[in-house]
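Single-letter residue listing:
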Amino acid sequence: MSLSKKVKVGLDETRILILGSQILLGFQLQGAFRPAFERLRFHDRVVWVAALGLITLTIALLITPSVQHRVVEGGRDTKRLLGVIGRCAGLALAPFAGALGADLYLAVEPVLGLGPGAAAGLLSCCVALLFWYGLEALKARSVGERERIMTDREPEHEHTSLETKITQMLTEARVILPGAQALLGFQLVITFSEAFEKLAFATKVVHLVALGFLALTVVWLMAPAAYHRIVYAGEDTPEFHALGSRFLLAASVTLALGISADLGVVVAKVVASNGAGVVAAILTLGLLVGLWHIHPLALRRRHGASG
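Worth saying up front: this structure is predicted, and the values here are computed from it rather than measured.

Participant: What's the story with unusual backbone geometry in this structure? I'm lost.
Facilitator: Of note, A233 is a non-glycine position whose phi angle comes to about 55 degrees, a positive value. Among the secondary structure elements, A233 is positioned in the loop between α8 (201-230) and α9 (238-271). Here the phi dihedral of A272 falls at roughly 55 degrees; this positive angle occurs in a residue that is not glycine. The exposure class assigned to A272 is exposed, which follows from its relative accessible area of 70%.

Given below as structure tokens:
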């Protein structure tokens, strides 16, 4: 399998996980405004916040390779990017398993009690870790060594055609778009809940600002396809590739701002502390901006200097 094919398959694997992660994040954010949430005990709310943090970390890791593909590599398929895809996908599965276990605990505990809820959450987390890490680690001891050696011997990069670059760029937009739309829909529903009406005016404004950022994210992600169809009549040009890449990077900025702001609102409500909400929003924004913007820009500058 060529390097370009391996990169495409690797990116497709992370893209499959992105949609589910974004929908799970939307559930976490909206669930805090449901009537039954008010009856949760404090330790259940702590678990809820932990699950929220874990699924946010999952999304941050899964989108990182696509951003680096745009910022660092300019759409080229490289051996370095293939390594980034593998590391980010591998790291993302651990917090995803933790969030899955926490959410199942929160679903089972009110019905069957603390013991069965904890058992269900722990069991689901362990099963996920077994099938995502354990079995693969055992199998890798006896199978796949030749293929791994072949991958290590891949060239640092190979020619990536303009058609391939544009296909990858449009695919990245299409994959992130449904999750962003679902996240926007979940957050719009919150504004019609009774719990939202009880929030302080400033908190409501923050949520509305977050909605604006998520709406802009959807706009940016839909723009490349519209430009490709209307302006370029479906033809592939370097100018369109550059423009589409800029739209995707703009979407990553507004998505980071929207997620951070709304996560702060939810944490403040869950633990009844505005200070905790501000801290959560700042930490989330730092994580997303660090992984999606600061680190890729530093890598591009370093690679440009070495080149």
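Participant: Honestly, α8 in this entry has me stumped. Any pointers?
Facilitator: Each turn of an α-helix holds 3.6 residues, which means side chains three or four residues apart point in the same direction. Taking 1.5 Å of rise per residue, the 30 residues of α8 would be expected to cover 44 Å, and the 42 Å separating its terminal C-alpha atoms lies within 8% of that figure. The axis of α8 is deflected most strongly, by about 30 degrees, at A223, and proline P224 appears within four residues downstream. Within α8, burial applies to T203, H207, A210, L211, L214, T217, V218, L221, A223, P224 and H228.

Participant: Looking at this structure, I do not really get a nonpolar patch on the surface. What am I missing?
Facilitator: A surface patch of nonpolar side chains, about 550 Å² in accessible area, is lined by L123, V127, L130, F131, L135 and L138. Tracing the sequence through the fold places L138 in helix α4 (residues 114-140). On the basis of relative accessibility, which here comes to 53%, the residue L138 falls in the exposed class.

Participant: Even after reading the chapter, I still don't get the packing of helix α1 (residues 3-31) against helix α3 (residues 79-112), so can you show me in this structure?
Facilitator: Two packed helices can be described by the angle between their axes and the distance between those axes. Following both chains from N to C, one finds α1 and α3 inclined at 25 degrees, their axes separated by 10 Å at the closest point. By the criterion of interaxial angle, the relationship of α1 to α3 is roughly parallel. Classified by chirality, the crossing of α3 by α1 is left-handed. Residues L3, K6, V7, G10, L11, T14, L17, S21, L24, F27 and Q28 of α1 form the contact with α3, whose own contacting residues are K79, L81, L82, I85, A89, L93, F96 and D103. The class makeup of the residues in the contact of α1 with α3 is twelve nonpolar, four polar and three charged.

Participant: Help me out: how do you make sense of the packing of α3 against α4 in this one?
Facilitator: Running from N to C, α3 and α4 cross one another at 160 degrees; their axes reach a closest spacing of 7 Å. In terms of orientation, α3 and α4 fall into the roughly antiparallel class. Like other packed secondary-structure pairs, α3 and α4 cross with a definite hand, here right-handed. Here the residues of the contact of α3 with α4 sort into 19 nonpolar, six polar and one charged.

Participant: Can you help me understand the pattern of salt bridges in this one?
Facilitator: Two side chains carrying opposite charge are able to pair once their charged atoms lie near each other. Taken as a whole and judged by the stated rule, the model has eight salt bridges. The salt bridge partner of K8 is D12, with a shortest N-O separation of 2.9 Å. Linking K8 with D12, this pair stays in helix α1, spanning four residues, or about one helical turn. The residue K269 makes a salt bridge to E38 at a minimum N-O spacing of 2.7 Å. Placement of the pair is K269 in helix α9 and E38 in the loop between α1 and α2 (42-71), with a sequence separation of 231 residues. By relative accessible area, which is 14% here, K269 ends up buried. One salt-bridge network, in which partners are shared between bridges, spans E38, R45 and K269.

Participant: For this particular structure, what's the right way to read the packing of aromatic side chains?
Facilitator: Pairs of aromatic rings are described using the distance from one ring centre to the other and the angle between the two planes. Per the counting criterion, the structure on display carries six aromatic pairs. Ring plane angle 75 degrees and centroid distance 5.0 Å describe the contact between F37 and W48, whose orientation is recorded as edge-to-face. One end of the pair, F37, is in the loop between α1 and α2; the other, W48, is in helix α2, with eleven residues separating them in the sequence. Using a relative accessible area of 3% as the deciding quantity, one classes F37 as buried. An angle of 25 degrees between the planes, with centres 6.3 Å apart, marks the rings of W220 and F247 as stacked. Highlighted residues: W220 in helix α8 and F247 in helix α9, separated in sequence by 27 residues. By relative accessible area, W220 is classed as partly exposed at 24%. Given a relative accessible area of 15%, F247 falls into the buried group. An aromatic cluster is defined as three or more aromatic residues linked by ring pairs; in this entry it consists of F27, F37 and W48.

Participant: Looking at this structure, I do not really get the side chain of T203. What am I missing?
Facilitator: Tracing the chain through its elements places T203 in helix α8. Apart from residues no more than four positions distant in its own chain, T203 is found in contact with V265 and N274.

Reading the values: rules and limits
Residues numbered from 1 in each chain as written. Predicted model: local features only at pLDDT ≥ 70, side-chain atom pairs only at ≥ 80, totals over all residues. Heavy atoms only, no water. Helix = DSSP H or I, 4+ residues; strand = E, 2+ residues; numbered from the N terminus. Buried < 20%, exposed > 50% of the residue type's maximum accessible area, 1.4 Å probe, protein only. Expected span 1.5 Å × (residues − 1). Bend = angle between axes of the 7 residues up to and from the residue. Patch = residues over 30% accessible without salt bridge, like charges linked within 9 Å, V, L, I, M, F, W, Y side chains within 5 Å. Areas by Shrake-Rupley, 256 points an atom, 1.4 Å probe, with all protein chains shown as cover. Salt bridge = Lys/Arg side-chain N within 4 Å of Asp/Glu carboxyl O. Axes fitted to C-alpha atoms, helices over the stretch in contact; angles between N-to-C directions. Parallel < 35°, antiparallel > 145°, perpendicular 65-115°, else oblique. Left-handed = near helix turned anticlockwise from the far one by under 90°. Contact = heavy atoms within 4.5 Å. Nonpolar A, V, L, I, M, F, W, Y, C, P; charged D, E, K, R; others polar. Phe/Tyr/Trp six-rings, centres within 6.5 Å; stacked < 30°, edge-to-face > 60°.

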